[in-house]
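Given next are the chains, with one letter for each unit.
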2 protein chains.
Amino acid sequence: MPRKSAAVSKDRILAAAAKEFAARGYAGANVDRIARAAHLNKAMIYYHFASKAALYREILNDMFGAVHARVADVAASAASPPDKIRDYVAAIACEAEARPHFPPIWLREIAEGGAHIDAATVAHARAVVAALAAIVADGQRAGRFAPVNPLVLHGGIIAPLMFFFATARVRRRIDRDDTFGAAAMRVDAVVAHIQQLALVQLEGKVI
Amino acid sequence: MPRKSAAVSKDRILAAAAKEFAARGYAGANVDRIARAAHLNKAMIYYHFASKAALYREILNDMFGAVHARVADVAASAASPPDKIRDYVAAIACEAEARPHFPPIWLREIAEGGAHIDAATVAHARAVVAALAAIVADGQRAGRFAPVNPLVLHGGIIAPLMFFFATARVRRRIDRDDTFGAAAMRVDAVVAHIQQLALVQLEGKVI
DNA sequence: GTCTATAAATAGATAGAC
DNA sequence: GTCTATCTATTTATAGAC
């Protein structure tokens, strides 16, 4: 059982590191900068973590573990299949909004082909897809959902969600004068839109 | 007018660099590795380009310039608004398939908030959205499209497209035994799906 | 246009005091 | 648990010969 100050300093490192990895990527992240942001010395990072890679893996694992837990709850709930789909989308949006570093890191990991992802994190990611697949199978048994490919549906949910959260800065740059409606893209509206998009696919209106 | 060998060596650098930036990101990319992949010496890169950053900017600009040109043609064509939407999706998919480095680099740039994007590239990106907005406005005037936010629609097209191309390796890792239908995700099928998804939104079936 | 050699700066990791 | 100081390797960029 670590003393209080130990837990606090480790948490400060994790928070600062998540921010740094999100902003600059794994290779671009700088251990010294993480230390300074955490109001600690660089040596403290190597006291708490074996290496820069191990620190990064812990952040990835926490991130996907949290999403896994949330969507597993949704899949196991007593709600109707369409409501579960809405909850699934909302759960991921909620996690993404609570952790601003989450969408950029996810995007980068995809671009990198999952180079830094260990077996535990792969298991979490697989479980997130499995939760959606279970909801879909549920709805199909109840005769409420058309047959869809779970991974295609998953992409249709995750991709716009992650894009929405991660593109906030880019949108401001591309649509400075609001010609394209950037200002109207509020979180609730976009989440509702993606929920409907998912349900339209499950109602068989899209091949 | 450069001699033939000069153009070839510069092109070899651009091709090798695009691959390296896609695989490792801007910070993770290594100039020496790019030179070796191009069968040249590192000094040659600084003969053709002012810096690593300038090389990266040129790749970004070429990439977005090509997409800009393609979708501008689509928007200016004589096709019906729904066909233009299909062509728009197909054009971007075609560019992405022809340049495997394109989706990962785009994903990384988003994660980075467009840190390496210069004014010329921003103009290209804006034009890509403007082309879609023009097609939508066209269809609305013709009474065939419901009012939609161009940026929301754009996200619903670009995000799943980029995800699809960029997640190929991650999908193999998460769905090794094909439990979730990774094998069924062929390019044509996914593009057709995204085309329909876009049209469903424009037909007012989704808020 | 292409190369070798090297300068100069940066960054991951560790030793050891307190 | 926390710090300073430092080692070592890597990497961007350049000088200068051919």
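Residues numbered from 1 in each chain as written. Chains lettered and ligands numbered in written order. Predicted model: local features only at pLDDT ≥ 70, side-chain atom pairs only at ≥ 80, totals over all residues. Heavy atoms only, no water.

1. As for the overall build of chain A
Of regular secondary structure, chain A possesses ten helices and zero strands. Taking the principal axes of its C-alpha atoms as reference, chain A extends roughly 60 × 50 × 30 Å. A total of 207 residues make up chain A; the buried ones form 54% of that total. Counted over contacts in chain A with a minimum sequence separation of 6, partners at least 24 positions apart contribute 70%. For chain A, the distance from the average site of its 26 positive side-chain charges to the average site of its 19 negative ones is 6 Å. (Helix = DSSP H or I, 4+ residues; strand = E, 2+ residues; numbered from the N terminus. Buried < 20%, exposed > 50% of the residue type's maximum accessible area, 1.4 Å probe, protein only. Contact = heavy atoms within 4.5 Å. Lys, Arg positive; Asp, Glu negative; His and termini not counted. Charge placed at Lys NZ, Arg CZ, Asp CG, Glu CD.)

2. Overview of the packing of helix α4 (residues 52–76) of chain B against helix α5 (residues 81–98) of chain B
Residue and element names in this part refer to chain B. At a closest axis distance of 9 Å, the pairing of α4 and α5 adopts a crossing angle of 160 degrees. Viewed along their axes, α4 and α5 adopt a mutual orientation that is roughly antiparallel. The hand of the α4/α5 crossing is right-handed. Residues A66, V67, R70, V71, V74 and A75 of α4 touch α5, and the partners they reach there are K84, D87, Y88, A91, I92, C94 and E95. Here the contact of α4 with α5 is composed, by residue class, of nine nonpolar, no polar and four charged. (Axes fitted to C-alpha atoms, helices over the stretch in contact; angles between N-to-C directions. Parallel < 35°, antiparallel > 145°, perpendicular 65-115°, else oblique. Left-handed = near helix turned anticlockwise from the far one by under 90°. Nonpolar A, V, L, I, M, F, W, Y, C, P; charged D, E, K, R; others polar.)

3. Re the relation of the copies chain A and chain B
When chain A is fitted onto chain B, the two copies agree to an RMSD of 0.0 Å after a turn of 180 degrees and an axial shift of 0.0 Å. Put plainly, the chains are arranged around a two-fold axis. Here 100% of the interface residues in chain A have copies in chain B that are interface residues too; the copies meet face to matching face. (Least-squares fit on C-alpha atoms with pLDDT ≥ 70 in both.)

4. Side note on the interface of chain A and chain B
Where interface size is given, it is often the accessible area lost as the parts come together that is meant. Contacts between the two partners involve 51 residues from chain A and, on the opposite side, 51 residues from chain B. For the chain A and chain B pair, buried surface summed over both sides reaches about 4700 Å², with 69% attributable to carbon and sulfur atoms. Ranking the residues of chain A by area buried against chain B places A:F163, A:R173 and A:F180 at the top, with a combined share of 15%. For the pair chain A and chain B, the interface holds two salt bridges. Our enumeration of links across chain A and chain B arrives at 14 residue pairs in polar contact (both at pLDDT 80 or more). Those elements that place two or more of their residues in the side of chain A that touches chain B are α1 (4–28), α6 (102–111), α7 (119–141), α8 (150–166), α9 (168–174) and α10 (187–202) of chain A. Among the elements that make up the side of chain A that touches chain B, the one with the highest residue count is α8(A) (nine residues). Residues of the side of chain A that touches chain B, tallied by class, amount to 32 nonpolar, nine polar and ten charged. (Buried area = accessible area lost by both parts, 1.4 Å probe. Salt bridge = Lys/Arg side-chain N within 4 Å of Asp/Glu carboxyl O. Polar contact = N/O pair within 3.5 Å; in protein donor to acceptor, adjacent residues only side chain to side chain.)

5. Some words on the domain arrangement of chain A
Residue and element names in this part refer to chain A. Domain assignment breaks chain A into domain 1 (1–49) and domain 2 (52–202). Listed per partner, the contact involves 19 residues of domain 1 and eleven residues of domain 2. When domain 1 packs against domain 2, the two sides together hide about 1400 Å² of surface, and 73% of this comes from carbon and sulfur. The largest share of the area that domain 1 buries against domain 2 comes from F21, A22 and Y26, three residues that together contribute 45% of it. Linking domain 1 with domain 2 are one salt bridge, by the criterion used here. Salt-bridge contacts for E58 lead to K10; the nearest nitrogen and oxygen are separated by 3.7 Å. In this assembly, domain 1 and domain 2 are joined by five residue pairs in polar contact (both at pLDDT 80 or more). (Domains from an automatic or database assignment.)

6. Concerning α6(A)
All names here are of chain A. Extensive coverage of α6 is indicated by the burial of ten of its ten residues. Buried within α6 are the following residues: F102, P103, P104, I105, W106, L107, R108, E109, I110 and A111. Where α6 ends, the next residue or the one after it, G113, has phi of about 70 degrees, a positive value.

7. What about the side chain of A:N149?
Within the secondary structure layout, A:N149 lies in the loop between α7 and α8. The class for A:N149 is buried, based on a relative accessible area of 19%. Here B:G181 takes part through its backbone oxygen, which lies 2.9 Å from a polar atom of the side chain of A:N149. Excluding residues that lie within four positions of it along the chain, A:N149 makes contacts with B:F180, B:G181, B:A184 and B:M185.

8. Re the pattern of salt bridges
All names here are of chain A. Within the structure shown, the criterion is met by 22 salt bridges over all chains. Ionic pairing is found between D138 and K84, a salt bridge with its closest N-O pair at 3.4 Å. With a gap of 54 residues between them, D138 in helix α7 and K84 in helix α5 (residues 81–98) connect regions that are remote in the sequence. By relative accessible area, D138 is classed as partly exposed at 28%. Judged by relative accessible area, K84 falls into the buried class, the value being 5%. Because the salt bridges share partners, they merge into one network encompassing E20, R24 and R33.

9. Looking at the environment of A:A35
Residue and element names in this part refer to chain A. Tracing the backbone through its elements, the reader meets A35 in helix α2 (residues 31–37). On the basis of relative accessible area, A35 is assigned to the buried category, the value being 1%. C-alpha separation for the pair A35 and R12, spaced 23 residues apart in sequence, amounts to 9.0 Å. Discounting chain neighbours no more than four positions away, the residues touching A35 are L40, N41, K42 and I45.

10. Some remarks on unusual backbone geometry
Residues and elements named next belong to chain A. Although it is not a glycine, D178 sits at a positive phi angle of roughly 60 degrees. Note on placement: D178 falls in the loop between α9 and α10. Residue D178 is classed as partly exposed on the basis of its relative accessible area of 36%.

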